[in-house]
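For reference, the chains in residue letters:
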Amino acid sequence: QARDAYVKRLNGIYATNVAKDNVEYVDGEASFISSTEIRVNDAVLSAKHILIATGGHPIIPALEGAEHGIDSDGFFDLEAQPKKVAVVGSGYIGIELAGIFRALGSDVTVFTRTAQILRHHDNIIGDTMMAEMKRLGVKFEHNMSAHGIKRHEGAELPLELSWSTSGQEGVSSGSYDCVLWAVGRAPNTKALNLGALPEVEINKTGHIVADEYQNTKIPGVYTLGDVYGKSELTPVAIAAGRKLADRLFGGERFAGSKLDYVNIPTVIFGHPTAGTVGLTENEARQAYGDDGIKVYQTRFTNMYYSLTPYKPPTAMKLVVAGPEEKVVGLHLIGRGCDEILQGFGVAIKMGATKKDFDNCVAIHPTSSEEVVTMR
């Protein structure tokens, strides 16, 4: 109830701000009639500029009984804590929610298609996160493919999840009272009637294609955010929207305004917290070659835990490229890494080198000082 009240209050704040800015708000599902007209309910609205920012939704896999599971939206509808949870998927959403369930006391198993988790991030984050989650009691089933869910009414753990494991014969199963699908997200395009805009290109993942200025192939029709499919993060969509608004309505001063999608910092609110900006070590090796990069890394216990028997890990990796050692990637995991990353994100965006980091005097005692003292 407290959570729902908080969300409702936030919604009210946004509605008030929209009204203050004299924005006309029409509540309904929109579909295109033409490149300058959309239908919302029974109304037809026309505009010189139309932005498609319809977001995305969690994917429920096409498996038998999959509807008995929940997605990340359903997580927020739970009114009681599940006793035993299966989280299918090991991207940042699955790992974050698995960490929350475990911190609240649920028995949690994470199911992943590979031997790794967070595989789109640097291995120092995925490996460290998984080791710590295991220490906290989270179990993992690796190299698995889910088969489906059977519901047994009246059972204490009514959801029977079945799966197969690569390299093993037969099918395994387990009983849970909550199965959470975290297998990806898809763009919200189905209701848009994009057939009315045959020039608009859709890529193989179903996202709307646009150029670096968010322009689709139809003048006056733009797209950004999750439906665009590049760096699917709320602050990214906000930043891209602001840049687009500046370009369209800000005059000559903002004629070239666009969002730079390179070196966007992001955080995984797992247990522990992790943050990353720039290229992973593997991506840097592909871009610059093995001889073109150098990696600095460190692992230690944050001084916050120096007198406690429980000592969560902190790990950091700095990836630099070229003879000038330009910083092309920074990957952090441990207490406070979410707050640490924002400032270093600015430095990396400005083209900082390892020498620039070295020339910054360390702040002691902090874990962030390790970023400027790695050797």
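Just so it is clear, the structure is predicted and the values come from calculations on it, not from any experiment.

Analysis parameters
- In this convention, every chain numbers its residues from 1, walking through the sequence in written order.
- Residues qualify for local features only when their pLDDT is at least 70, as the model is predicted, and side-chain atom pairs are given and counted only at 80 or more; totals for whole chains, interfaces and linings, by contrast, use all residues.
- To obtain the side-chain values, all non-hydrogen atoms of the structure were included, while hydrogens and water were left out.
- Note on definitions: the grid is 1 Å and covers protein atoms alone; a cavity is a set of points where a 1.4 Å probe fits but cannot get out; a pocket is an open set with protein on both sides within 12 Å along at least five of seven lines; lining residues have an atom within 4 Å of a point.
- Grid points are joined across faces, edges and corners, and a volume is the space filled by probe spheres set on the points.
- Side-chain classes are defined by residue name, with Ala, Val, Leu, Ile, Met, Phe, Trp, Tyr, Cys and Pro counting as nonpolar, Asp, Glu, Lys and Arg as charged, and the others, Gly among them, as polar.
- In this text, helices come from DSSP runs of H or I with a minimum length of four residues, and strands from runs of E with a minimum of two, each type numbered from the N-terminal end.
- We call two residues in contact whenever any of their non-hydrogen atoms come within 4.5 Å of each other.
- In this scheme, strands are said to pair when DSSP sees at least two bridges between them.
- Expected span of a helix, by definition, is 1.5 Å for each gap between consecutive residues, and there is one gap fewer than residues.
- For each residue, the accessible area found with a 1.4 Å probe, counting protein chains only, is set against the maximum for its type, and the residue is called buried under 20%, exposed over 50%, and partly exposed in between.

(A) Geometry of empty space enclosed by the protein. Tallied over the entire structure, the rule returns one cavity of 30 Å³ or more. What lines the largest cavity is simply Glu212, Tyr213, Gln214, Ala240, Lys243, Leu244, Arg247, Ser257, Lys258 and Leu259. A per-class count over the lining of the largest cavity returns four nonpolar, two polar and four charged.

(B) Molecular detail of the environment of Phe75. When you line up the elements, Phe75 lands in helix α2 (residues 72–75). For the pair Phe75 and Leu180, spaced 105 residues apart in the sequence, the C-alpha separation amounts to 7.8 Å. Excluding residues that lie within four positions of it along the chain, Phe75 makes contacts with Ile70, Leu97, Ile100, Phe101 and Leu180.

(C) View of the pairing of strand β11 (residues 172–176). One ladder, built from five bridges, connects strand β10 (residues 159–165) with β11; its direction is antiparallel. For Ser162, the partnering residue across the bridge sits in β11 and is Ser173. Two successive antiparallel strands, β10 and β11, enclose a turn made up of six residues, where Gly167 displays a positive phi of approximately 90 degrees.

(D) Structural view of helix α3 (residues 92–103). Over its 12 residues, α3 extends 16 Å from the first C-alpha to the last, a length consistent with the 16 Å expected when each residue adds 1.5 Å. Every buried residue belonging to α3 is among Gly94, Ile95, Glu96, Leu97, Ala98, Gly99 and Phe101, and all of these are buried. As for α3, its buried residues are in contact with α2, β6 (84–88), β7 (107–111), α4 (123–135), β12 (178–181) and β15 (266–268). Backbone geometry just after α3 places Gly105 at a positive phi near 110 degrees.

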